[in-house]
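Spelled out, the chains give:
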2 protein chains.
Amino acid sequence: MADDGQSGTDRSFFSDRISIEQVEEGHTLAPKFDSSGLITCVTTHADSGEVLMLGYMNEDALTRTIESGEAHYWSRSRQQLWHKGGTSGHIQTVVEIRIDDDQDAVWLRVRLRGRQASCHVGYRSCFYRTINWNKAQSAPTLSFIETGKVFDPSEIYGDAPNPTIL
Amino acid sequence: MADDGQSGTDRSFFSDRISIEQVEEGHTLAPKFDSSGLITCVTTHADSGEVLMLGYMNEDALTRTIESGEAHYWSRSRQQLWHKGGTSGHIQTVVEIRIDDDQDAVWLRVRLRGRQASCHVGYRSCFYRTINWNKAQSAPTLSFIETGKVFDPSEIYGDAPNPTIL
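Residues numbered from 1 in each chain as written. Chains lettered and ligands numbered in written order. Predicted model: local features only at pLDDT ≥ 70, side-chain atom pairs only at ≥ 80, totals over all residues.

Draft legend 1. Summary view of the overall build of chain A. For chain A, the count of helices and strands is three helices and eight strands. Along the first, second and third principal axes, the C-alpha set of chain A runs to 50 × 45 × 30 Å. Of all 166 residues assigned to chain A, the portion counted as buried reaches 40%. In chain A, once contacts between residues fewer than 6 apart in sequence are set aside, the share between residues at least 24 apart is 44%. (Helix = DSSP H or I, 4+ residues; strand = E, 2+ residues; numbered from the N terminus. Buried ≥ 20, exposed ≤ 12 C-beta atoms within 10 Å, placed from the backbone. Contact = placed C-beta atoms within 7 Å.)

Have a look at this one:
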């Protein structure tokens, strides 16, 4: 962590990727960060299993998440390290972190502190809409799974720019 | 679908992205594909809630998934459309498709046909290892959540190249 000098800039925290067998069947953490330095992270609620959000981590964010037990991401829209809940209070406490076969994706199982919400629009999960389609339709439509917001974003974020990019 | 002439090349299947309000609070499907033409997809088992895999879809793959009810992805390692289970028989039947707030990620809830497996290494889920770390460790280690493989990859894939890239 930044405040104890053990930040994610110490690359020895992760192992080098030596062989496919090591990456797929080994016991060392050798994550693959993409050409932008990021690994994809899916975050689910540890109790309900629902997908709360999908985010990205750089080396620093993944290291801080492991060391602190609180979810850290890389904000692609703001281009900065993002301690989830730092502004909103919606801290995600890590229950478990899994890594996938080729170690280019992370699955974070969390519980929520404060309001039970993870979405900047005000819903519990970012995935608050479902896709509907049948053969009589020319295009799919969306319906809302969550019927109400957990919080009012304008009260929490004020005039901060909306991270959604068209 | 390709065989009825309604393939994903018909861009009118998706709506244009007009405003943040439409994207976040609207009822039209207006997905954001990245600079490589891809949208990220997390796939969970509809009954257990476990994360089975994390993949990517282009317009064609997302359209085919919606229209056919079977998961299609874009294989980044093979650079081609990938009907999941086309080779292995591990078809993923779609129960629900959700989209996230800014519509740049998809959550696919599926059931599995045939062997109950989704991972090319032979495990049920691609996320078969968990990350362990405590302050006494210099680096994290991995332990296996799944203790045995569901199938033998060499029997299913033969000499096909392993999709894992170092």
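There is more to say after this.
Draft legend 2. Geometry of the environment of Phe33 of chain B. Residues and elements named next belong to chain B. Note on placement: Phe33 falls in the loop between α1 (20-25) and β1 (39-45). For Phe33, a count of 16 C-beta atoms within 10 Å gives the class partly exposed. The spacing of Phe33 and Glu59 is 26 residues in sequence and 7.7 Å in space, taken between C-alpha atoms.

Draft legend 3. Focus on the environment of Leu81 of chain A. Relative to the helices and strands, Leu81 of chain A resides in strand β4 (residues 80-83). Taking the C-alpha atoms as reference points, Leu81 of chain A and Asp60 of chain A, 21 residues apart in sequence, are found 8.0 Å from one another.

Draft legend 4. Just the interface of chain B and chain A, in detail. Taken together, the contact pairs 42 residues of chain B with 42 residues of chain A. By residue number, the principal contributor to the side of chain B that touches chain A is strand β5 (residues 92-99) of chain B, which donates four residues. Here the side of chain B that touches chain A is composed, by residue class, of 22 nonpolar, 12 polar and eight charged. Direction of pairing for strand β5 (residues 92-99) of chain A relative to strand β7 (residues 129-132) of chain B: antiparallel, over a ladder of two bridges. Counted as the bridge partner of Arg98 of chain A is Thr130 of chain B from β7 of chain B. (Nonpolar A, V, L, I, M, F, W, Y, C, P; charged D, E, K, R; others polar. Pairing = 2+ DSSP bridges.)

Draft legend 5. Representation of the nonpolar core within the structure. With 72 residues, the main nonpolar core has Met57 and Val106 of chain A together with Met57 and Val106 of chain B as its most contacted residues. Dropping the residues within four chain positions of it, Val106 of chain B is found in contact with Ile39, Cys41, Met57, Leu62, Ile97 and Ile99 of chain B. (Core = buried A, V, L, I, M, F, W, Y, C linked by C-beta atoms within 7 Å.)

Draft legend 6. Structural detail: helix α2 (residues 59-68) of chain A. Residue and element names in this part refer to chain A. The buried fraction of α2 is high, at seven of 10 residues. Of the positions making up α2, those classed as buried are Glu59, Ala61, Leu62, Thr63, Arg64, Thr65 and Ile66. Immediately beyond the C-terminal end of α2, within one or two residues, lies Gly69, with a positive phi of roughly 75°.

Draft legend 7. Up close: the sheet that holds strand β8 (residues 141-144) of chain B. Strands sit in the order β2(A)-β1(A)-β6(A)-β5(A)-β7(B)-β8(B) across an open sheet of six strands; the sheet is mixed. The open sheet has two edge strands, β2 (51-57) of chain A together with β8 of chain B, and neither has a second partner. This sheet shows a mean twist of 35° between the axes of neighbouring strands, independent of strand direction. Taken together, the six bridges between strand β1 (residues 39-45) of chain A and strand β6 (residues 105-112) of chain A define a ladder with parallel strand orientation. By the bridge assignment, Thr43 of chain A is partnered in β6 of chain A with Leu108 of chain A. (Axes fitted to C-alpha atoms, helices over the stretch in contact; angles between N-to-C directions.)

Draft legend 8. Local environment of the relation of the copies chain B and chain A. Aligned on chain A, chain B shows an RMSD of 0.0 Å; the corresponding rotation is 180° and the shift along the axis is 0.0 Å. The superposition operator between the copies reduces to a two-fold rotation axis. Rotation axis and chain B: the residue whose C-alpha lies nearest the axis is Gly49 of chain B, separated from it by 2.6 Å. With an isologous cut-off of 70% or more, the 100% of interface residues of chain B that recur at the interface of chain A puts this contact in the isologous class. (Least-squares fit on C-alpha atoms with pLDDT ≥ 70 in both.)

Draft legend 9. Structural context of the environment of Gln116 of chain A. Residues and elements named next belong to chain A. By the secondary structure assignment, Gln116 is in the loop between β6 and β7 (129-132). Under the C-beta neighbour-count criterion, Gln116 is labelled partly exposed, with 15 such atoms within 10 Å. The spacing of Gln116 and Ala71 is 45 residues in sequence and 15 Å in space, taken between C-alpha atoms. When sequence neighbours within four positions are dropped, the list of residues in contact with Gln116 reads Arg124 and Val150.

Draft legend 10. Structural detail: the confidence of the model for chain A. Overall, the predicted model of chain A reaches an average pLDDT of 90, with 93% of residues at or above 70. Scored below 50 in pLDDT, residues 1-8 of chain A shows 15 contacts in the model against residues more than four places distant or in partner chains. (pLDDT = per-residue confidence, 0-100.)

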